[in-house]
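Structural overview for review
Take a look at the letters that make up each chain.
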Amino acid sequence: MYSVNVPVPGRVRTLANELYPELVGFETVREDHSCLLKRLGDADHVAQLQHRAHRALEGTPAVEARIARIDYFSDPPLGSAPVVYLAVESPGLEAIHADLVDIFETVDGLEGPEYVPHVTLARGGEESAARRLADREIEPISWTVTELEFWDGTYKLPVSRVSLPA
């Protein structure tokens, strides 16, 4: 599965690491952190898919993003529940997502109107633990998104980057 992801600043990874002791009771704890912006699917011709994604993002300006709370999905459309995440507030990222949905196929239940920008921390486990984390206050983290990544989900690596001009 290929996707366009938003790299997050070190402050977000530091926050995730600080929360780790409260996440160990979940089935899966994420060690790599980013914000999935748009799933692009699998491809026989990766170079063509990558080129299409880059062309779609050409000229897209940098956008602001902010994390100010922890939340969770109690009933996600895929995988084990709950999913604990850092909520990303960014009208700019939501607009880029909408633009990409117009060009690439929408994944029902996960994209389009259902899209929630977030950084997954953990999944599977007790909902009461997710609720406790969601009740916890965190210091807000704001940043400017100046680039996006074309992500290879098989190898869990960025293949290329797209700069967003300021």
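Our subject in this report is the structure included herewith. Since the structure is predicted, the reported quantities are computational estimates derived from the model, not experimental observations.

**Comments concerning the sheet that holds strand β4 (residues 63-73)**
- Spatial strand order, β2-β6-β5-β4-β7: five strands in an open sheet with antiparallel pairing. Each having just a single partner strand, β2 (28-29) and β7 (137-145) make up the two edges of the open sheet.
- Lying on the sheet, helix α3 (residues 91-103) is in contact with β4, β5 (83-89) and β7; it crosses β4 at an angle near 90°.
- The sheet strands contacting helix α4 (residues 127-135) are β4, β5 and β7, and the helix crosses β4 at an angle near 140°.

**With respect to the pattern of salt bridges**
- Overall, the coordinates contain eight salt bridges when judged by the stated rule.
- As a salt-bridge pair, R66 and E89 come within 3.3 Å of each other at their nearest N and O atoms. With R66 in strand β4 and E89 in strand β5, this pair connects stretches of sequence that are 23 residues apart.
- Residue R69 is joined to D71 by a salt bridge in which the shortest nitrogen-to-oxygen separation is 2.6 Å.
- Connected via shared salt-bridge partners are K38, R39 and E111.

**Side note on α3**
- Here α3 is 13 residues long and its end C-alpha atoms lie 19 Å apart, about the 18 Å a rise of 1.5 Å per residue gives.
- Here α3 has its buried residues at L93, I96, H97, L100 and V101. One face of α3 carries all of its buried residues, which in axial projection span an arc of 145°. Turned more than 90 degrees away from the buried face of α3, the exposed residues are P91 and D102.

**Considering the packing of aromatic side chains**
- Evaluation of the coordinates by the stated rule reveals two aromatic pairs.
- Aromatic pair Y2 and F150: ring centres 5.5 Å apart, planes at 15°, arrangement stacked. Of the two residues, Y2 is situated in strand β1 (residues 2-7) and F150 in strand β8 (residues 147-152); the sequence distance between them amounts to 148 residues. As far as the burial class goes, Y2 and F150 line up, both buried.

**Focus on the environment of P140**
- Following the sequence through the fold, P140 ends up in strand β7.
- Once the C-alpha coordinates of P140 and L40 are considered, the two residues, 100 residues apart in sequence, prove to be 30 Å apart.
- If near-sequence neighbours (up to four positions away) are discounted, P140 is found in contact with R66, I67 and A68.

Definitions and limits used
- Throughout, a residue's number is its position along its own chain's written sequence, starting from 1.
- Where local features are concerned, this predicted model is filtered to residues with pLDDT of at least 70; where side-chain atom pairs are given and counted, the filter is 80 or more; whole-chain, interface and lining totals use all residues.
- Values reported for side chains reflect all heavy atoms of the structure, with hydrogen atoms and water molecules removed beforehand.
- Note on pairing: DSSP must find at least two bridges between two strands before they are called paired.
- Here a helix means four or more residues in a row that DSSP labels H or I, a strand means two or more in a row labelled E, and each is numbered from the N terminus.
- Throughout, a contact is declared for two residues whenever any of their heavy atoms are within 4.5 Å.
- Only C-alpha atoms enter the line fits that serve as axes; for helices the fit covers just the stretch in contact. Angles between N-to-C directions range over 0 to 180 degrees.
- For this document, the term salt bridge refers to a Lys or Arg side-chain nitrogen within 4 Å of an Asp or Glu carboxyl oxygen.
- The length a helix should cover is 1.5 Å for every residue beyond the first.
- We call a residue buried when its accessible area falls under 20% of the maximum for its residue type, exposed when it is over 50%, and partly exposed in between, using a 1.4 Å probe and counting protein chains only.
- Of all possible arcs, the one meant is that of the directions from the helix axis to the C-beta atoms.
- Any two of the Phe, Tyr and Trp rings considered here, Trp counted by its six-membered ring, make a pair once their centres fall within 6.5 Å; the pair's planes then place it as stacked at under 30 degrees, edge-to-face at over 60, or tilted in between.

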